[in-house]
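An overview of the molecular structure
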Amino acid sequence: MPTLRELTRTTAEEEEKLRLGGGQAGWERQRKLGRLPVRERLARLLDEGAPFLELGLWAAWRMYPEWGDVPAAGIVTGIGTISGRPCLVAANDATVKAGAMFPQSVKKLIRAQKIAHRLRLPLVYLVDSAGVFLPLQDEIFPDEDDFGRIFRNNSVLSAEGIPQFAAVMGNCIAGGAYLPVLCDTVLMTEGSQLCLAGPALVKAALGQIADPEELGGAAMHARTSGTVDYHEPDDPSCLARLRELVGLLPAPAASDTGAEPARDPAELERLVPADGRGEYDMRAVLGCLVDSGTFREFRAEWGRTIVAGSARIGGRPVGIVANARQRSQSAAGELQIGGVLYGDAAEKAARFVGECDQGRVPLLFIHVVQGFMVGKQAEQSGIIRSGAQLVRAMSIATVPKFTVIVGSSYGAGHYAMCGRAYDPALLLAWPNARYAVMGGAQAAETLLSLRLREASRGGAAPTPEEVATLRESVRASYDEETDVRYAAARGWVDAIIAPHETRTWLATALAALPPTAPARAPTEPRDV
């Protein structure tokens, strides 16, 4: 098993390849069209030296083998700073399948809109897409979380006062044309096209012959249709204009950046074992993340398989709920295993979550959880009731919630610690993370027993060699599905991050929040 440092290095190398998109040939095609590759556009748009938190880089990884690689699902999204304002950016990569939207591309863009909504971030779209990937249209077009949801979200975000800017910097044809026009401000570069139907479709449908400029050119939309607000000659001028426009938004309030952590974040790769085995002190992990001297532990002597407390990260307050990774003993003398949620720990966490929500303090959940305790003693103590208290408190908390998986995250433990289904504003994972309904060894044995039962019903009992082969096959398949890259490809994880960069991610995300996170209404009719 490689060390966490080695895993982190390998992941970083793989991510560099994903960032190449369509590669050198694709970049040259863009330049021949007078357009910049997507990452050059972002370099001009974002403030130099400010962190860019890229989201969904692993989207679509190994998901469409019959259509070839679709790096990052053909769209770059992330949180960055433009003219001093934190923004969420979504930019099509036209070097990947001409920027066509695959099912995971749609899911990734909708997730970006959700993050912007929860963090109240302005959105900037750089549009350069051929539209829906037609061979997979049945997985993209019709459902409530498919392509049309993007435009519904455009409308809701605008209605809620979250600014949206769209720059058409290439193709924007068919239904996708609604995205920029539903934004608050629309820019368009010369040579781009914005229309519901291109020349070929217009001729087939109407017998009408029209050139691209007549149907959807920048000059036509600037002078005739009145659709675009700013007509720009090229990419550099368009990106400069975007920076000017974003710079007109209210500047974020200046805030204290806080003290450095007590421990070097680089220590995390030594403190936490990559294989998830062994014990370590979660408080030492927190010492690498929070501002020095700010952690105040909540009920430190009770419910000890949870470490909870208030702290500051980058000067911003946060309430932390983390799984402990050391054995402890309850007041009744019961030995409690680190990484397991017992009734007292669940009740403690529920109480702390409620207090943070009442005080409008954002929440951070740090996962290394095997699940809830089981067995006769646990059931008779009311573990289901205690677990339900935590799930309820976490579900109804209206402050922004952030989740980081630093090891395993299994079953109902994943749910209770603000898993994907419970609206974390960001869900981040380290390269060693494992993410499934149960651990690999238990799942493999369960699945194996089911396979063997099916085989015995057929009247042919497998030999010991066949059983061993089947066991290895089941384990390998399950291990692949619990790999964090598998989860990230499907959008269950927003980003796989290096452990030593965790503090930077959290500090940047917390700094992007409004000074006091407002309470939502008891019901949220327009959630995205």
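Please refer to the structure placed before this passage.
In this text the structure is predicted, and so the values were computed from the model without any measurement.

Thresholds applied
- For every chain, the first residue of the written sequence is number 1, and numbering continues from 1 onward in sequence order.
- Per-residue local features are limited, in this predicted model, to residues with pLDDT of at least 70; the limit for side-chain atom pairs, both in listing and counting, is 80 or more; totals at the level of whole chains, interfaces and linings are taken over all residues.
- For the side-chain quantities, the full set of heavy atoms in the structure was used; hydrogens and water were omitted.
- Cavity means a closed set of points on a 1 Å grid over the protein atoms alone, one where a 1.4 Å probe fits but cannot get out, pocket means an open set with protein on both sides within 12 Å along at least 5 of 7 lines, and lining means a residue has an atom within 4 Å of a point.
- Grid points are joined across faces, edges and corners, and a volume is the space filled by probe spheres set on the points.
- Note on conventions: DSSP H or I runs of at least 4 residues are helices, E runs of at least 2 residues are strands, and numbering of each starts at the N terminus.
- Three classes are used, and their members are as follows: Ala, Val, Leu, Ile, Met, Phe, Trp, Tyr, Cys and Pro are nonpolar, Asp, Glu, Lys and Arg are charged, and the others, Gly among them, are polar.
- Exposure classes here rest on a 1.4 Å probe applied to the protein chains alone. A residue is buried below 20% of its type maximum, exposed above 50%, and partly exposed in between.
- A pair of strands counts as paired when DSSP detects no fewer than two bridges linking them.
- The crossover handedness rule: strands pointing away from the viewer, path from first strand over the helix to second strand clockwise, crossover right-handed.
- Angles here are taken between N-to-C directions and fall from 0 to 180 degrees, while the axes themselves are lines fitted to C-alpha atoms, restricted in helices to the stretch in contact.
- Each angle receives one of four descriptions, namely roughly parallel if under 35 degrees, roughly antiparallel if over 145, roughly perpendicular if within 65 to 115, and oblique otherwise.
- Each crossing is labelled by how the near helix is turned from the far one, with a counterclockwise turn of less than a right angle marking it left-handed and a clockwise turn marking it right-handed.
- By definition in these notes, contact holds between two residues if any of their heavy atoms fall within 4.5 Å.
- Within the patch definition used here, like charges are joined within 9 Å and nonpolar side chains (Val, Leu, Ile, Met, Phe, Trp, Tyr) within 5 Å, considering only residues with over 30% relative accessible area and no salt bridge.
- Accessible surface is estimated by sampling points in the Shrake-Rupley manner with a 1.4 Å probe; for residues, cover comes only from the protein chains shown.
- The term salt bridge refers to a pairing of a side-chain nitrogen on Lys or Arg with a carboxyl oxygen on Asp or Glu at a separation within 4 Å.
- Neither His nor the chain ends contribute to the count of charged residues, in which Lys and Arg are positive and Asp and Glu negative.
- Charge placement uses NZ in Lys and CZ in Arg. For Asp and Glu, CG and CD serve respectively.
- To define a nonpolar core, start from buried Ala, Val, Leu, Ile, Met, Phe, Trp, Tyr and Cys residues and group those joined through side-chain atoms within 4.5 Å.

**As for empty space enclosed by the protein**
- Going through the model one piece at a time under the given rule, you end up with two cavities of 30 Å³ or more.
- By volume, the largest cavity amounts to about 180 Å³.
- Lining the largest cavity are 19 residues, with Asn92, Met101, Val127, Ser129 and Leu179 positioned closest to its centre.
- Those elements that place two or more of their residues in the lining of the largest cavity are strand E3 (85–92), strand E4 (123–129), helix H5 (147–159) and strand E5 (164–173).
- Looking at the lining of the largest cavity residue by residue, the classes come out as 15 nonpolar, four polar and no charged.
- Estimates place the volume of the second largest cavity at around 30 Å³.

**Topic: the pairing of strand E18 (residues 426–429)**
- Along E18, one buried face is formed by Leu426 and Leu428 and the opposite face, lined by Leu427 and Ala429, is buried too.
- Looking at chain direction, strand E17 (residues 401–410) and E18 are connected through four bridges and run parallel. Within E18, the residue paired with Thr403 across the bridge is Leu427.
- Handedness of the E17-helix H16 (residues 411–416)-E18 crossover: right-handed.
- Pairing geometry for E18 and strand E20 (residues 495–496), over two bridges, is parallel. Of the residues in E20, the one forming a bridge with Leu428 is Ala495.

**Focus on the packing of helix H4 (residues 103–119) against H5**
- The geometry of H4 relative to H5 is characterised by a closest axis approach of 9 Å and an angle of 15° between their N-to-C directions. When the interaxial angle is binned, H4 and H5 end up roughly parallel. In terms of crossing hand, the pair formed by H4 and H5 is left-handed. Listed contacts from H5 to Val106, Leu109, Ile110, Gln113 and His117 of H4 are Phe147, Arg149, Ile150, Asn153, Asn154 and Leu157.

**Some thoughts on H5**
- For H5, the set of buried residues is Phe147, Ile150, Phe151, Asn153, Asn154, Val156 and Leu157.
- Downstream of H5 by a residue or two, Gly161 has a phi angle that is positive, lying close to 80°.

**Some remarks on the environment of Arg471**
- Relative to the helices and strands, Arg471 resides in helix H18 (residues 464–482).
- Note: C-alpha distance between Arg471 and Lys107 (364 residues apart in sequence) is 34 Å.
- Setting aside its immediate chain neighbours within four residues, Arg471 contacts Glu445 and Leu448.

**Quick word on the side chain of Ser330**
- Tracing the backbone through its elements, the reader meets Ser330 in the loop between strand E12 (328–329) and strand E13 (335–336).
- Residues within four places of Ser330 in sequence aside, it is in contact with Gln336 and Asp344.

**Notes on a negative patch on the surface**
- A surface patch of negative charge is lined by Glu190, Asp211, Glu213 and Glu214.
- The topology assignment puts Glu190 in the loop between strand E6 (185–189) and strand E7 (193–195).

**Thoughts on the nonpolar core**
- Core analysis: the largest hydrophobic core is formed by 84 residues, its most contacted members being Tyr125 and Phe402.
- With seven residues, H4 is the largest single contributor of residues to this core.
- Not counting residues up to four positions away in its chain, the partners in contact with Tyr125 are Ala90, Leu109, Gln113, Asn154, Leu157, Gln164, Phe165, Ala166, Ala167, Leu179 and Cys183.

**Some thoughts on the pattern of salt bridges**
- By the definition in use, this model includes 26 salt bridges.
- Salt-bridge contacts for Arg5 lead to Glu269; the nearest nitrogen and oxygen are separated by 3.3 Å. A residue pair is termed long-range when its members are at least 10 positions apart, and Arg5 in helix H1 (residues 4–18) and Glu269 in helix H11 (residues 268–271) qualify at 264 residues.
- A relative accessible area of 39% places Arg5 in the partly exposed class.
- Among the residues examined, Glu269 registers a relative accessible area of 11% and is labelled buried.
- The salt bridge partner of Glu355 is Arg351, with a shortest N-O separation of 3.4 Å. A residue pair is termed a helical-turn pair when its members lie 3 or 4 positions apart in one helix, as Glu355 and Arg351 do in helix H13 (residues 343–358) at four residues.
- Its relative accessible area of 39% is what places Glu355 among the partly exposed residues.
- Members of the salt-bridge network, linked through shared partners, are Glu15, Glu16, Arg19, Arg39 and Glu54.

**Things to note about the environment of Leu4**
- Inspection of the secondary structure puts Leu4 in helix H1.
- Between the C-alpha atom of Leu4 and that of Ala274, which follows or precedes it by 270 residues, the distance is 4.6 Å.
- Among all residues touching Leu4, those that are not within four sequence positions of it are Leu268, Glu269, Val272, Ala274, Trp430, Asn432 and Pro499.

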